[in-house]
Protein chains: 2
Amino acid sequence: MTIRHNLPPLDWLRGYDKRLLTSDLLAAVIVTIMLIPQSLAYALLAGLPAEMGLYASILPLAAYAAFGTSRTLSVGPVAVVSLMTATAVGRIAETGSLGYASAAIAMAGLSGLMLIAMGLLRFGHLANLLSHPVVSGFITASGIIIALSQLRHILGIDAHGENLPTLLGSLFAHVGETNTITLITGVAALALLLWTRRGLGPLLQRLGMGKDTAGMVAKAGPVLAIVLTTLASVFFAFEDRGVALVGNVPQGLPAFGWPPMDLELWRELAVSALLISVIGFVESVSVGKTLAAKRRQRIDANQELIALGAANVASAGSGGFPVTGGFSRSVVNFDAGAQTQLASVFTALGIALAALFLTPVLYYLPKATLAATIIVAVTSLIDGKILGLAWRYSRSDFIAVAATIVTTLVAGVELGVLAGIGVSIALHLHKTSRPHIAIVGEVPGTEHFRNIERHDVVTYPSIISMRIDESLYFANAGYMESAIYALVAEADERLEHFILQCTAVNEIDLSALEALESVMERLKEQGIALHLSEVKGPVMDALECSDFLQHLTGQVFLSQHQACEALKPR
Amino acid sequence: MTIRHNLPPLDWLRGYDKRLLTSDLLAAVIVTIMLIPQSLAYALLAGLPAEMGLYASILPLAAYAAFGTSRTLSVGPVAVVSLMTATAVGRIAETGSLGYASAAIAMAGLSGLMLIAMGLLRFGHLANLLSHPVVSGFITASGIIIALSQLRHILGIDAHGENLPTLLGSLFAHVGETNTITLITGVAALALLLWTRRGLGPLLQRLGMGKDTAGMVAKAGPVLAIVLTTLASVFFAFEDRGVALVGNVPQGLPAFGWPPMDLELWRELAVSALLISVIGFVESVSVGKTLAAKRRQRIDANQELIALGAANVASAGSGGFPVTGGFSRSVVNFDAGAQTQLASVFTALGIALAALFLTPVLYYLPKATLAATIIVAVTSLIDGKILGLAWRYSRSDFIAVAATIVTTLVAGVELGVLAGIGVSIALHLHKTSRPHIAIVGEVPGTEHFRNIERHDVVTYPSIISMRIDESLYFANAGYMESAIYALVAEADERLEHFILQCTAVNEIDLSALEALESVMERLKEQGIALHLSEVKGPVMDALECSDFLQHLTGQVFLSQHQACEALKPR
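Enquirer: Provide a residue-level description of the interface of chain A and chain B, including the pertinent values.
Expert: With 48 residues of chain A at the contact, the number on the chain B side is 49 residues. For the side of chain A that touches chain B, the secondary structure elements donating two or more residues are α8 (132–155), α19 (386–393), α21 (413–433), α22 (474–490), α23 (510–525) and α24 (537–543) of chain A. Top contributing element to the side of chain A that touches chain B by residue count: α21 of chain A, with six residues. Class assignment for the residues of the side of chain A that touches chain B results in 18 nonpolar, 18 polar and 12 charged.

If you want it as structure tokens, here you go:
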């Protein structure tokens, strides 16, 4: 049972038949064609040699296939994680240097080990620290940075930066050095890619191709762009005209080896590796969940951590960089009919063949084409509506999203993630630290108690019934105490009973218990008894572990109605 | 009104009369006598020259008197803040160097500005991030470190360290160098101090002194220890026998001046200054609240921030170090009958007189005596019961307290505070991320719904009523989604209605709303309608800002009873 849980293929390999094989093989062919340009492009985005993109798309796919619980997730280099890798590694080594590549490999290894550790510790629910709107905001802002960072390849200039101000500054400073032929190539590639996205599918349909097939063929747009610009590059001798080309890509499969065992390097990478792990995991699980839901399958977050960890360790062991489950590649895999992770294994074989035989052709490929591929890919990441949606729904969601977007744009991806998590938690604490408090009275003729300000209810001068709409814990214990004192200070002098209605109290922690004890003492001095009503089972269990109930000046009532019946003046 | 709020003396100065003056003067005399040794001792603890302890007990008292809302709080150097100052400043400069003293002055200035800023931003409730048990644990652990750090003065050796392992290691390494006369002086001072605490009061009472007076006189124990050991030091020529003495203390009032305006220094001190500000504020407010409650007065947290800020700025401007409201000094002030902050103003005058005329006598005072004063003072900070109390009440409170104590002891005060805050928040998020979920049914003959596992209730196969005991927000949105899917997967196939009872739901954030929308879609595919019941006013207001209610597949019911009545099979 445990082995089956940790090796999901044992589930789906039984009953694997020719029909499934055909589906998986077809999907693999389509995904391979799509993945070759994407792998090269994301290596470029991460500032790494093109072959590392291919290496990161071979073994990691097989590793995920062995351990992952999603049957259709496609793992490999993705845009946001590649950008984060470039940011982190760029702090440590010069782009293009040997140290840079090996730091990226170490990053994959470290992030993989962290993911596996989190999986073994069953930290799967930690992904919940990143709220959906915050993730959308973060990915949107990252997409903008990525698109802008690729403009330099379209212009053929040397401009760098990790955030909007430095990027724009650098682009403006160098825009005069634009290489015209590079620009023409880049713009042409962009136009072609945008057209294959929108126009090619419908055109093929008009030419008599089936809708699904036409859609699939249109996904091969990047390959078309690569073929056409490579041909142009050869015929018009781009190399002699100052156009940046991919250049020599070593032919063959990746060599296996340990990532650099440099403790100081690992220590420097640690925080970034953690952030990359968390973001990669959140992105991957959200894709995995969406796809699984469509086929009524389920994925297991803890096992996913282990599988993504294994994929990253495999990437590090075979000269790759950090990988995760990607949205667009997984959707293509799913739509192409992949039924099991064997499709990914076949895809890995396809990419391996490309690494063996295709690399000499890549020499003439202009980098501008790859940059265009990236720009078109990330436009789908940008969610223009998230800010408006958050604004309309709640100010605090809006603040969290806006803080994430602004920090990511202005201070880069790492601080952006941290700001997103930090601001969300701070806002949550802030909200729960000043909970909604209602004075309630009985709705005549019922046993229901409602806010005296919203409803017409019955109250008595000798009783205050207060409902506090939050668990009582350290962040709001002081607020509750002050609120009760303020109420009692303004109350009728006939006041004898203060009833705390605990319908919404899911927890009372030790700080809150101490605050309640102070309240009870203070009310006692004024001759007022403190009662509790509608205390939930788990809260009551905890209170019984303290001596609070023994010296409670009032009683504990099962319902607010019973409390009022017992205490109201006769 | 605003001026009166910001200058509390305007309130109590009206109606100030001779009776109040007499009380305040008497209290000032007693507090001054107690404060002289305490000020010198805490300067020693902070690694600063003795006169800085006096300086920190003059102007800051007057500044707090002008702005503070507590009438009896006594501000000045306190143990925990002095230790934190030593830790932070010790990282930047060598103890005893000029740079060390000026960094401590800068720390007071920076911390003062931060406190004022927090007050103006009305951040008073931020103190709630530190739960009571965590603060107790932190102060207990700090007390242990302080007591151990003073052992070196009792032994007359050179041993340093910021945490338990380094302190113990250093003490063991140097214990062979113990100076016998220093040790005898220290132990004698300790014994005398402990006896004056326990035995002197009762003895004086037996000699016919009134109980209160005897208690007050006993508080002067440290003065007695100072006088006796200074005399011994003079008569037995301690100076020639290698006993560390206080030495030259400049005579006169502090010079006014700006703290060092070194931006780099301020940047280095920033994090520590923030932690000192927070801890000082929390300690001071908790003392202030306790005393205010005894006389039915109230204190205002935001105004307290400003007053403590002003006190620290005043300290920095007059050659002092970080100060805050201290527990023991405030209690003495209160018990001695202080009625208003004029008592503190008189105390400041008393300390100023000491700085003017008393310092030559301090030359011969052994440092061991001051160390003994500190050790006896901090034993009252140590709360031996907090761990047991937390353990009995709840595991999560225990983990927070234990993490705070262990981190403070092992890694020092700053990481200790951060661990306390971090672990409390993490545990809170963890708890609320897996909320208690109950399937409920109607208690026969009532309109109440209770957990089907705890009560004998009525249910229908076509309805699931689920009560989730937590606000729905990003940390538990995914958990709720999975829980609902699991319930539906196991449900009777006649299931038609899923009712989410929202009694305990105080908020639904955007993440949770998106999760609810996914749930609704998924249930719809299975022919099950999603209903809400007992949605609170504020939550309903928020939902109405989205389009969730428009495409809700079920209805929203005012009560769970009405929901069941409407949906149950007829």
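That covers the picture; the talk isn't over yet.
Enquirer: Can you explain the relation of the copies chain A and chain B? Please cite residues and give values.
Expert: Superposing chain A onto chain B takes a rotation of 180° combined with a translation of 0.0 Å along the rotation axis, leaving an RMSD of 0.1 Å. Taken together, the rotation angle and the small translation identify this as a two-fold axis. Among all residues of chain A, the minimum C-alpha distance to the rotation axis is found for A504 of chain A, at 2.0 Å. The fraction of interface residues of chain A whose copies in chain B are also interface residues reaches 100%, indicating that both copies meet through the same surface.

Enquirer: Describe unusual backbone geometry, naming the residues involved and giving the relevant values.
Expert: Within the chain, E534 of chain A stands out as a residue other than glycine whose phi angle is a positive 55°. Relative to the helices and strands, E534 of chain A resides in the loop between β7 (529–533) and α24.

Enquirer: Describe the confidence of the model for chain A, and please don't skip the residues or the numbers.
Expert: With 100% of its residues at a pLDDT of 70 or more, chain A has an overall mean of 90. For this predicted complex, the interface confidence reaches an ipTM of 0.82, while the overall pTM sits at 0.83.

Enquirer: So what about helix α6 (residues 79–90) of chain A? Which residues, and what values?
Expert: Residues and elements named next belong to chain A. Here α6 spans 16 Å end to end across 12 residues, near enough to the 16 Å set by a 1.5 Å rise per residue. For α6, the buried fraction is high: 11 of the 12 residues fall into the buried class. For α6, the complete set of buried residues consists of A79, V80, V81, S82, L83, M84, T85, A86, T87, A88 and V89.

Enquirer: Which residues make up the environment of V223 of chain B, and what are the values?
Expert: Looking at the element boundaries, V223 of chain B is found in helix α12 (residues 221–235). Leave out the neighbours within four places in its chain, and V223 of chain B touches I33 and P37 of chain B.

Enquirer: So what's going on with helix α13 (residues 263–294) of chain A? Which residues, and what values?
Expert: Helical geometry: 3.6 residues make up each α-helical turn, so side chains three or four residues apart lie on a common side. Residues and elements named next belong to chain A. Across its 32 residues, α13 extends 44 Å between first and last C-alpha, which sits within 8% of the 46 Å expected from 1.5 Å per residue. Residue A270 marks the point of greatest curvature in α13, where the axis turns by about 50°. Backbone geometry just downstream of α13 places R296 in the positive-phi region, at approximately 55°.

Enquirer: Account for the nonpolar core, with residues named and values stated.
Expert: The biggest cluster of nonpolar side chains holds 347 residues, and the ones touching the most others in it are A79, A104 and M107 of chain A together with A79, A104 and M107 of chain B. With residues up to four places along the chain from it excluded, the contact list for A104 of chain A reads A46, L48, T85, V89 and F321 of chain A.

Enquirer: Which residues make up the sheet that holds strand β8 (residues 556–557) of chain B, and what values do they have?
Expert: Within a beta sheet, neighbouring strands are joined by backbone hydrogen bonds and run either parallel or antiparallel to one another. Residue and element names in this part refer to chain B. Spatially, six strands are ordered β4-β3-β5-β6-β7-β8 in an open sheet, and the strand pairing comes out mixed. Looking along the sheet, the strands with just one partner apiece sit at the ends: β4 (449–451) and β8. This element, helix α25 (residues 560–567), spans β3 (437–442), β4, β5 (463–468), β6 (497–501), β7 (529–533) and β8 of the sheet and lies at about 175° to β6.

Enquirer: Now, about the pairing of β7 of chain B: what can you tell me, with residues and values included?
Expert: Residue and element names in this part refer to chain B. Along β7, four of the five residues are buried, which leaves the element largely enclosed by surrounding structure. Judged from the five bridges that link them, β6 and β7 form a sheet pairing that is parallel. Among the inter-strand pairings, I499 is bridged to a residue of β7, identified as H531. Handedness of the crossover joining β6 and β7 through helix α23 (residues 510–525): right-handed. Considered for its hand, the β-α-β crossover made up of β7, helix α24 (residues 537–543) and β8 is right-handed.

Thresholds applied
Residues numbered from 1 in each chain as written. Chains lettered and ligands numbered in written order. Predicted model: local features only at pLDDT ≥ 70, side-chain atom pairs only at ≥ 80, totals over all residues. Contact = placed C-beta atoms within 7 Å. Helix = DSSP H or I, 4+ residues; strand = E, 2+ residues; numbered from the N terminus. Nonpolar A, V, L, I, M, F, W, Y, C, P; charged D, E, K, R; others polar. Least-squares fit on C-alpha atoms with pLDDT ≥ 70 in both. pLDDT = per-residue confidence, 0-100. Expected span 1.5 Å × (residues − 1). Buried ≥ 20, exposed ≤ 12 C-beta atoms within 10 Å, placed from the backbone. Bend = angle between axes of the 7 residues up to and from the residue. Core = buried A, V, L, I, M, F, W, Y, C linked by C-beta atoms within 7 Å. Pairing = 2+ DSSP bridges. Axes fitted to C-alpha atoms, helices over the stretch in contact; angles between N-to-C directions. Right-handed = clockwise from strand over helix to strand, strands pointing away.

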